[in-house]
Amino acid sequence: MILISACLAGLNVRYNGTNCIDDRVQKLVLEKKAITVCPELMGGFSTPREPAEIVGGNGDDVLDGKATVIERSGRETQVVLKENSPSCGSAAIYNGEFNGTKIVGEGVTTALLRRNNIVVLSEEDI
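Values in this document were obtained by computation on a predicted structure and should not be read as measured data.

Which parts of the structure should I look at to understand unusual backbone geometry?
Note on backbone geometry: most residues besides glycine have negative phi, and most peptide bonds are trans. The omega torsion of the bond from T47 to P48 falls at -5°, within 30 degrees of zero and hence cis. Looking at the secondary structure, you find P48 in the loop between α2 (39-42) and β3 (52-55). Its identity is not glycine, yet K32 carries a phi of approximately 60°, on the positive side. Taking the relative accessible area as the measure of exposure, K32 reaches 67% and is therefore exposed. With phi around 55°, F98 is a residue other than glycine that occupies positive phi space. Within the fold, F98 resides in the loop between β6 (92-94) and β7 (102-104).

Honestly, the nonpolar core in this entry has me stumped. Any pointers?
One broad trend across soluble globular proteins is that nonpolar side chains are buried collectively. V79, L81, C88, L113 and V120 form the largest nonpolar core, which has five residues in total. Among residues more than four places away in sequence, those in contact with L113 are V79, L81, I118 and V120.

Just checking my understanding: could you explain the environment of L3 for this structure?
Mapped onto the fold, L3 is located in strand β1 (residues 2-5). Under the relative-accessibility criterion, L3 is labelled exposed at 59%. When the C-alpha atoms of L3 and R24 are compared, they prove to be 14 Å apart, with 21 residues separating the residues in sequence. Among residues more than four places away in sequence, those in contact with L3 are I35 and V37.

I would appreciate a short explanation of the side chain of S90 in the present structure.
You can see S90 is positioned in the loop between β5 (78-81) and β6. In this structure S90 comes out as buried when scored by relative accessible area, which is 8%.

Can you help me understand the pairing of β1 in this one?
On a regular strand, one side chain projects to one face of the sheet and the next to the other, so that they alternate. Pairing of β1 with strand β2 (residues 34-37), which is carried by four bridges, proceeds in the parallel orientation. When the bridges of β2 are listed, I4 appears paired with T36. Between the parallel elements β1 and β2, the chain passes through helix α1 (residues 23-30) in a crossover that is right-handed.

Procedures and definitions
- Residues numbered from 1 in each chain as written.
- Predicted model: local features only at pLDDT ≥ 70, side-chain atom pairs only at ≥ 80, totals over all residues.
- Heavy atoms only, no water.
- Helix = DSSP H or I, 4+ residues; strand = E, 2+ residues; numbered from the N terminus.
- Buried < 20%, exposed > 50% of the residue type's maximum accessible area, 1.4 Å probe, protein only.
- Core = buried A, V, L, I, M, F, W, Y, C linked by side-chain atoms within 4.5 Å.
- Contact = heavy atoms within 4.5 Å.
- Pairing = 2+ DSSP bridges.
- Right-handed = clockwise from strand over helix to strand, strands pointing away.

Structure follows, in structure tokens:
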């Protein structure tokens, strides 16, 4: 399976609500040889959205906490995830004993995002 940028497959997910369709790529998706993904949408951005760029380095620097992705207005990315989830929990997770007991902690996705200086909120925080 091939992972394809959604905009290349014709999905209107770019910051300005457009795409950059590539017929060869779209054909792979239609033939079920590829699936689409938009990391920016998965990272919490909406469509349309302000243009965003990496400030202070490159992708590796963002992952290392040395740079950040900032929108043109200066706003940093924020993400709202489901509380208590083993992936998304931002303040509480279940204790791992499958008995409904919650403990203070964060899920895996939240931990990764926070490690990279992305603000994560619970649905309870909005």
